[in-house]
Amino acid sequence: MIMVEKFLAGSAALFGDPITIAIFVFGVIGGMLFGAIPGVSMLTLAAILLPFTADLDPAQGVMLFAVIYCTGTYGGAITAILFNIPGAPENAPTAFDGYPMTRQGKSGKAVGAAVLCSAIGGVASALVMRAATEPLANWAIRNIGPPEIFALVFFGLAVASSVGGRTIWKGWMSVLLGLLIATIGQDPVGGINRYNFGYTDLAAGIAFVPAILGFFAVSEIFVQAEKKATGQYDAPKVGMSFPSVLELWAHKFAVVRSILVGFFCGILPGIGATLAAFMGYGEAVRWSKNKEEFGKGKLEGVISSETANNAATGAAMIPLLALGLPGGALTAMMVAVFQMHDLEPGPLVFYNSPELIWIVFAAMFYANLSILFIGLLETKTILYLLKIPFQFLAPLILLLATIGAYISRGLVLDVMVMFGAGIIGFLLRRTGYSIPGIVLGLILGKIGEQNFAQGMQMVHYDPVTYFSRPICTILIIAGALTLAAGIYRAFSTPK
Amino acid sequence: MGQLTKSHLIEGGIWSLIFVVFFSYSFQFNQPIEIYKFGATGWPRVILLLLLLVTAGNFYHQYRYGSAVQKGRVGIAETEDTEADYSNPATLLKVVSVLLTPFVFAYLLKPVGMYSGAPVFIALIIYLFGERRWKWILGITLLIYAILLGLFVVVLNAPLPQGNMSPFYDISGFILKMNTNLQNLW
């Protein structure tokens, strides 16, 4: 009852002030727009807006970023489905089945399912977050440490290597390449420069945003350019039919499973929505009777990935607000918003600024509802993007990607890295490697190494101690089984 | 040679080269860390050794089965399996031009800046993608440039590279001054 009152008070604070309403609406539309424009992402918008939040009230600043996080995560699905360019890494598994659906003229069904499932995942996550932030944070403090986070990274990478590449070998090589790229820059324990090849700018490592834009957006432009040059280009078909209620109802278990997977990944510090989407997709494949249909335009693939990544958005706020630990790039920027206002996210926020917490909770709940209403209204308009000839869309995407890569650090080197990643991505795609695998390796590499090092120090370099921790044991066994299944298939499956 | 082709040998060679370069370079930062037994090289070297192992596995797979998609793989669109035909040198030239133009644009961003470089880049990409109607090239270039200025300069005040060479720096300065005047109107 108290919780409902607090939620209503948060809602009243959100909708009682015209400036706060304007910021909320800006966040909803801006997140969807920047998520849905190929070449830029919600991170670009967040990076541009970060300095302006200094002039806002702390609650308004954090709320704006939380809203962009929810709607941007959904927006990225649209470009993944229509152009095979995930707006953010968390939308990468959506492209596995979403883009083949577009090629088959079922783009309306894929986008419609993404709208609905993003909203369901996000609303469910916001509700659980509202009810359980404090108990979950307490549970996480007691049960989740570096060994568990390393074990989850291991499991996640094992799942990621099993999807996307032409063979299991190429799946593993893709993930390992991402992990290798993540080692560039200072090592997370001693701060020693690694692989900077004499360039001081590389001491900070390869920035995620340019690498991701290069691997996803630029490489796709190059693939389409090659198709145009060789006469193989085939314009995608516009399909306006939405999924029926029966079609969606048939996937109710996939939705529930993805909510659980997404929420679990979301509450773990540093993991966030990207791994949630991969795990959601991986679990859908694991439980399916028709595994071979995945990757060829199966609606369940889109549903699982989009439900899981949005279910992680609300959950990712739990370690941020309760422990002060960001779960990804955007939540890390939220820490900066807190710090700009002389606040530190963590348990004290609940006591010092409870109104801030409840405005953020209410805003995330309504932002996820907005995905449903605005998403359904705008979907048909967005589908017409497919009618724009690609020779006109390509320069726009490349230019926006250039701006997106440059803005976050103001370095031309990042633009070069992006185009370099684009060429590497293009060549790797032609030879059947998994771009999402590389990106996941890149994102989780540093987190994995840092938590492995901390975990090893905790257990005094005795790996057997890892197995005295139940969550850690389960995750390591699950990861090992996934790898073992891959090895078995690698040597036993005929072509 | 089994099912191996020249491209498989090149592919294997590139991965082996990556291993050799990165493993050799790891000796440059092979310093002990007092609080961490495995040092700065432990993690990257394990990754490199696994990469070498998997590269050997991949080579073996290609020797046995060629480039075929392994049965049961998910997340692979069948449409991506079609091989491009590069028998015509003009085709290769077109693709290489598209691959290199963004690099040249990125390289010139520092001296030329975004404001002067973007219109040329946009028009060039449209041309390289096969559009030959100059009115369309001009019109779409102006439209995209207007979107760039409207959204990132006027609305978001994003700091874009201005160039450091005359007259490009002056052109950027002129556009930014116009923007300031526009902002002062409201």
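Nothing here was measured: the structure is a model prediction, and the numbers come from that model. (Residues numbered from 1 in each chain as written. Chains lettered and ligands numbered in written order. Predicted model: local features only at pLDDT ≥ 70, side-chain atom pairs only at ≥ 80, totals over all residues.)

**Concerning the overall build of chain A**
Next up, step 1: If you tally the helices and strands in chain A, you get 20 helices and 2 strands.
Next up, step 2: When the backbone C-alpha atoms are referred to their principal axes, chain A occupies close to 60 × 55 × 50 Å.
Next up, step 3: Among the 495 residues that make up chain A, the fraction classed as buried is 62%.
Next up, step 4: Restricting to contacts in chain A with at least 6 residues of sequence separation, those with at least 24 account for 79%. (Helix = DSSP H or I, 4+ residues; strand = E, 2+ residues; numbered from the N terminus. Buried ≥ 20, exposed ≤ 12 C-beta atoms within 10 Å, placed from the backbone. Contact = placed C-beta atoms within 7 Å.)

**Things to note about the overall build of chain B**
Next up, step 1: Counting secondary structure elements, chain B contains 6 helices and 0 strands.
Next up, step 2: Ordered by position in the sequence, the α and β elements of chain B form the string α-α-α-α-α-α.
Next up, step 3: Its C-alpha atoms give chain B a radius of gyration of 25 Å, more than 25% over the compact-globule value 16 Å for 186 residues.
Next up, step 4: Along the first, second and third principal axes, the C-alpha set of chain B runs to 70 × 55 × 30 Å.
Next up, step 5: The buried share of chain B, reckoned over its 186 residues, is 30%.
Next up, step 6: Put simply, of all contacts in chain B between residues at least 6 apart along the chain, 59% involve residues at least 24 apart. (Rg over C-alpha atoms; globule rule 2.2 N^0.38 Å.)

**Considering helix 9 (residues 208-229) of chain A**
In an α-helix, one turn spans 3.6 residues, which is why side chains three or four residues apart end up on the same side.
Residue and element names in this part refer to chain A.
Next up, step 1: Helix length check: helix 9 (22 residues) gives 30 Å between terminal C-alpha atoms against 32 Å at 1.5 Å per residue, within 8%.
Next up, step 2: Of all the bends in helix 9, the largest measures some 35° and sits at Gly 214.
Next up, step 3: By the criterion of burial, helix 9 is predominantly enclosed, with 18 of the 22 residues buried.
Next up, step 4: Once helix 9 ends, the next one or two residues include Gly 231, with phi positive near 75°. (Expected span 1.5 Å × (residues − 1). Bend = angle between axes of the 7 residues up to and from the residue.)

**Digging into unusual backbone geometry**
Next up, step 1: Residue Ser166(B) is joined to Pro167(B) through a cis peptide bond whose omega torsion reads 5°.
Next up, step 2: Residue placement: Pro167(B) occurs in the loop between helix 5 (134-155) and helix 6 (168-185).
Next up, step 3: Phi is positive for Asn84(A), close to 65°, though the residue is something other than glycine.

**A word on the packing of helix 1 (residues 2-15) of chain A against helix 16 (residues 354-383) of chain A**
Residue and element names in this part refer to chain A.
Next up, step 1: Contact geometry of helix 1 with helix 16 gives a least axis separation of 8 Å together with a crossing angle of 80°. When the axis of helix 1 is compared with that of helix 16, the two are roughly perpendicular. Every residue of helix 16 that contacts helix 1 at Lys 6, Phe 7, Ala 9, Gly 10, Ser 11, Ala 13 and Leu 14 is listed here: Glu 355, Trp 358, Ile 359, Phe 361, Ala 362 and Ala 363.
Next up, step 2: For the contact of helix 1 with helix 16, a count of residues per class yields 9 nonpolar, 2 polar and 2 charged. (Axes fitted to C-alpha atoms, helices over the stretch in contact; angles between N-to-C directions. Parallel < 35°, antiparallel > 145°, perpendicular 65-115°, else oblique. Nonpolar A, V, L, I, M, F, W, Y, C, P; charged D, E, K, R; others polar.)

**Concerning the interface of chain B and chain A**
Next up, step 1: Contacts between the two partners involve 64 residues from chain B and, on the opposite side, 67 residues from chain A.
Next up, step 2: When contributions to the side of chain B that touches chain A are tallied by element, the ones reaching two or more residues are helix 1 (6-25), helix 2 (42-65), helix 3 (89-112), helix 4 (114-128) and helix 5 of chain B.
Next up, step 3: Per-element accounting of the side of chain B that touches chain A gives the leading share, 12 residues, to helix 2 of chain B.

**Looking at the confidence of the model for chain B**
Next up, step 1: The pLDDT averaged across chain B works out to 88; a share of 94% of its residues lies at or above 70.
Next up, step 2: Listed scores for the predicted complex are pTM 0.83 and ipTM 0.91. (pLDDT = per-residue confidence, 0-100.)

**So, the domain arrangement of chain B**
Many authors give the size of an interface as the accessible area that is lost as the parts come together.
Next up, step 1: When cut into domains, chain B gives domain 1 (6-70) and domain 2 (89-185).
Next up, step 2: Taken over C-alpha atoms, the centre of domain 1 of chain B sits 39 Å from the centre of domain 2 of chain B. (Domains from an automatic or database assignment.)

**Comments concerning the packing of helix 2 (residues 18-36) of chain A against helix 3 (residues 42-49) of chain A**
Residues and elements named next belong to chain A.
Next up, step 1: Remark: helix 2 packs on helix 3, axes separated minimally by 7 Å, with the N-to-C direction vectors making an angle of 130°. The pairing of helix 2 with helix 3 is recorded here as oblique in orientation. Touching Gly 30, Gly 31, Phe 34 and Gly 35 of helix 2 are Met 42, Thr 44 and Leu 45, all from helix 3.
Next up, step 2: Split by residue class, the contact of helix 2 with helix 3 holds 3 nonpolar, 4 polar and no charged.

**Considerations on the nonpolar core**
Proteins that are soluble and globular tend to have nonpolar side chains buried together.
Next up, step 1: One finds Met63(A), Phe65(A), Ala66(A), Val67(A), Ile81(A) and Ala363(A) to be the most contacted residues of the largest nonpolar core, which totals 210 residues.
Next up, step 2: Setting aside its immediate chain neighbours within four residues, Ile81(A) contacts Thr94(A), Ala95(A), Gly98(A), Tyr99(A), Met101(A), Thr102(A), Ser107(A), Ala110(A), Val111(A) and Ala114(A). (Core = buried A, V, L, I, M, F, W, Y, C linked by C-beta atoms within 7 Å.)

**A look at the environment of Pro470(A)**
Next up, step 1: Along the chain, the position of Pro470(A) falls in helix 20 (residues 470-492).
Next up, step 2: Between the alpha carbons of Pro470(A) and Asn143(A) there is a distance of 9.2 Å; along the sequence they are 327 residues apart.

**Some words on the environment of Gly185(A)**
All names here are of chain A.
Next up, step 1: Residue placement: Gly 185 occurs in strand 1 (residues 185-186).
Next up, step 2: With 19 C-beta atoms counted inside 10 Å, the residue Gly 185 sits in the partly exposed group.
Next up, step 3: Not counting residues within four places of it along the chain, the set of residues in contact with Gly 185 comprises Arg 194, Leu 202, Ala 203, Ala 204 and Gly 205.

**Observations regarding the confidence of the model for chain A**
Note that predicted coordinates carrying low pLDDT should not be read in detail.
Next up, step 1: Summing up the model confidence of chain A, the mean pLDDT is 84 and the portion of residues at 70 or higher is 96%.
Next up, step 2: The lowest-confidence element of chain A is helix 15 (residues 347-352) of chain A, averaging 73 in pLDDT; the highest-confidence one is helix 8 (residues 168-182) of chain A, averaging 93.

**Regarding the environment of Phe27(B)**
Next up, step 1: Here Phe27(B) is to be found in the loop between helix 1 and helix 2.
Next up, step 2: Expressed as a C-alpha distance, the spacing of Phe27(B) and Ile126(B), which sit 99 residues apart in the sequence, is 46 Å.

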